[in-house]
Protein chains: 2
Amino acid sequence: MKAAPEHRTKRSYHDACGTARALDLVGERWTLLVVRELLLGPKRFTDLRAGLPAISPNVLSQRLDELAQAGVVRKRKLPPPVSTAVYDLTEWGRELDTVVLALSRWGARARNAYRCSDMSTDALVVSLRTFFDAEAAESVSAEYDLYLTGSDAGTDEFHAVVADGTLTVTRGAGSAPTAIHASVPAFVAVVFDKHSLREAVTTGTMEINGDLTAAEQFTEFFRIPPECSANRAD
Amino acid sequence: MKAAPEHRTKRSYHDACGTARALDLVGERWTLLVVRELLLGPKRFTDLRAGLPAISPNVLSQRLDELAQAGVVRKRKLPPPVSTAVYDLTEWGRELDTVVLALSRWGARARNAYRCSDMSTDALVVSLRTFFDAEAAESVSAEYDLYLTGSDAGTDEFHAVVADGTLTVTRGAGSAPTAIHASVPAFVAVVFDKHSLREAVTTGTMEINGDLTAAEQFTEFFRIPPECSANRAD
DNA sequence: CAGCATCCCGATTGATACTG
DNA sequence: CAGTATCAATCGGGATGCTG
């Protein structure tokens, strides 16, 4: 009969600096990756686990509780037809977008970049937004439907809008004139590693419905930063 | 005679997403705060401890090793006159500036903001840069020397340059026409909580050498964001 | 004294099993 | 599906001690 610890003393940096207070809330292990998974809209517990293949359910559970407690995430129960619980970012939580993108931009230049390995579909979308080059897309207005097959063989649909030098991606395919179907690695190869899209289409790793030229233009919007800059220092 | 574990398997998210890779490198506890302390220039081990009052020396040591290993920080030995080791951000490490500022900006809107408690002088400078309002400083060109007394009674000197809607702060006072002397809490009260500067001067909590009007203008450059937006959700 | 290395203990994490 | 329970492994934090 041990009294439940109850942890009413959450660990904190006790530093008035905004950075430290932010880290008090989202600095624990996995927390920002959970936020990343929620940036494009609400998800169920299982969806989160699918995007974060290595997280333990108890840790995910704890992180979601903490985020809800902090007002970053809200847990909602969908009405009866589905009747499942989903987790959604609050408006304030969604502002972590800038933090996640800044980290992504920085982390992309690390050495030992292993761009080819597994990435969730949501992570891929974050990468798209990370490497979107406003200048390359200047004066372009276009829409695309993306059908991305993840490592779990499930396909996620996204709608990408390019306008005013801005890329906006939302979950769910719309009625875009150009649809791109691909697995995550195939998409990465074409968009980031600049492999030939036509070749990917002929080999069948990618499928384009609609305007092939528009799809090729889409791949031009993304630029990987100037390689890692840091050399071994030790 | 136990074989030293040697940890050659550093914990990783094993996720190709840039965010995850960034967090592999700077996502451990304390790591980003160590970076924050180094943003304004190199520091010794003890200086870091002073700015991070709650970190254990062994953890700081470990974090510095990891950061050096990752190419974020470089350890240098100053030439004989001083002959101490200092830690400095690499060029790539300094790019974490955007990440720290994004976190700071987000964290400043948390509820339970306790802006009045202890903050290191470096953290205060990060806050200044966080809340600097480009529009408020538009078409202003000015320089200031800041003499900030921290909680350890030591005084740190900074040089702030406002130009082109930009605030640049470097360590070390220059020859600015306006010098502001204050403790960290006094400075916070005037700049962020908008207490009267003249009053602070007359009560002696602050001292201005040079142009008092310029100093008052300086305090106008900083705007705290629209309060915390999240309400209790539980 | 600066800059760690060591030891110890409690807190956190991770893998797996289990339940409503 | 959506988590909770359990337990082992690891990590963080404080005290102390070593080394130049």
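Residues numbered from 1 in each chain as written. Chains lettered and ligands numbered in written order. Predicted model: local features only at pLDDT ≥ 70, side-chain atom pairs only at ≥ 80, totals over all residues. Heavy atoms only, no water.

Once that is clear, we can look at the interface of chain B and chain A. Each side of the interface is counted separately: chain B has 57 residues, and chain A has 56 residues. Taking both partners together, chain B and chain A bury about 5,100 Å²; carbon and sulfur atoms supply 60% of that area. Run the count over chain B and chain A and you get 4 salt bridges. With a closest N to O distance of 3.2 Å, Arg 36 of chain B and Asp 15 of chain A form a salt bridge. A class-by-class count of the residues in the side of chain B that touches chain A yields 29 nonpolar, 13 polar and 15 charged. (Contact = heavy atoms within 4.5 Å. Buried area = accessible area lost by both parts, 1.4 Å probe. Salt bridge = Lys/Arg side-chain N within 4 Å of Asp/Glu carboxyl O. Nonpolar A, V, L, I, M, F, W, Y, C, P; charged D, E, K, R; others polar.)

On to the packing of helix H6 (residues 97-107) of chain A against helix H6 (residues 97-107) of chain B. Running from N to C, H6 of chain A and H6 of chain B cross one another at 170°; their axes reach a closest spacing of 9 Å. One element, H6 of chain A, and the other, H6 of chain B, form an angle in the roughly antiparallel class. Residues Thr 98, Val 99, Ala 102, Leu 103 and Trp 106 of chain A of H6 of chain A touch H6 of chain B, and the partners they reach there are Thr 98, Val 99, Ala 102, Leu 103 and Trp 106 of chain B. (Axes fitted to C-alpha atoms, helices over the stretch in contact; angles between N-to-C directions. Helix = DSSP H or I, 4+ residues; strand = E, 2+ residues; numbered from the N terminus. Parallel < 35°, antiparallel > 145°, perpendicular 65-115°, else oblique.)

This part covers the pattern of salt bridges. Applying the stated criterion to the full structure yields 28 salt bridges over all chains. One salt bridge connects Arg 94 of chain B with Asp 88 of chain B, and the closest N-O pair in it is separated by 3.3 Å. Residue classification places Arg 94 of chain B among the partly exposed residues on the basis of a relative accessible area of 35%. A residue is classified by how much of its surface remains accessible, and Asp 88 of chain B, at 13% relative accessible area, is buried. Shared partners join several salt bridges into a network, and the residues in it are Asp 15 of chain A together with Arg 36, Glu 37, Lys 43, Asp 122 and Arg 171 of chain B. (Buried < 20%, exposed > 50% of the residue type's maximum accessible area, 1.4 Å probe, protein only.)

What follows deals with helix H1 (residues 18-26) of chain B. Of all 9 residues that make up H1 of chain B, 8 are buried, and the element is covered over most of its length. Three or more residues of H1 of chain B are buried, namely Gly 18, Thr 19, Ala 20, Arg 21, Ala 22, Leu 23, Asp 24 and Val 26 of chain B. The inward-facing, buried residues of H1 of chain B contact helix H2 (31-38), H6 and helix H7 (121-131) of chain A together with helix H2 (31-38) and helix H4 (57-70) of chain B.

Moving on, we get to the environment of Met 119 of chain B. When you line up the elements, Met 119 of chain B lands in the loop between H6 and helix H7 (121-131). Residues Met 119 of chain B and Tyr 87 of chain B, 32 residues apart in the sequence, show an inter-C-alpha distance of 21 Å. When sequence neighbours within four positions are dropped, the list of residues in contact with Met 119 of chain B reads Asp 15, Ala 16 and Cys 17 of chain A together with Leu 124, Ser 127, Val 184 and Val 188 of chain B.

The subject of this paragraph is the side chain of Asp 24 of chain A. In this fold, Asp 24 of chain A is placed in helix H1 (residues 18-26). There is no salt bridge for the buried Asp 24 of chain A, and the closest opposite charge comes from Arg 29 of chain B, which lies 5.4 Å off by N-O distance. Within the structure, the side chain of Asp 24 of chain A is placed 2.9 Å from the side chain of Ser 12 of chain A, a separation counted as a polar contact. (Lys, Arg positive; Asp, Glu negative; His and termini not counted. Polar contact = N/O pair within 3.5 Å; in protein donor to acceptor, adjacent residues only side chain to side chain.)

Another point: the sheet that holds strand S7 (residues 206-210) of chain A. Residues and elements named next belong to chain A. Read across the sheet, 5 strands follow the order S5-S4-S3-S6-S7 without closing on themselves; strand pairing throughout is mixed. The sheet is open, and its two borders are formed by strand S5 (166-171) and S7, each paired with just one other strand. Between one strand axis and the next, the sheet turns by 20° as a mean value, whatever way the strands run. Looking at chain direction, strand S6 (residues 178-183) and S7 are connected through 5 bridges and run antiparallel. Looking at the pairing, Ile 180 lines up with Ile 208 of S7. (Pairing = 2+ DSSP bridges.)

This is a description of form; function is not addressed.
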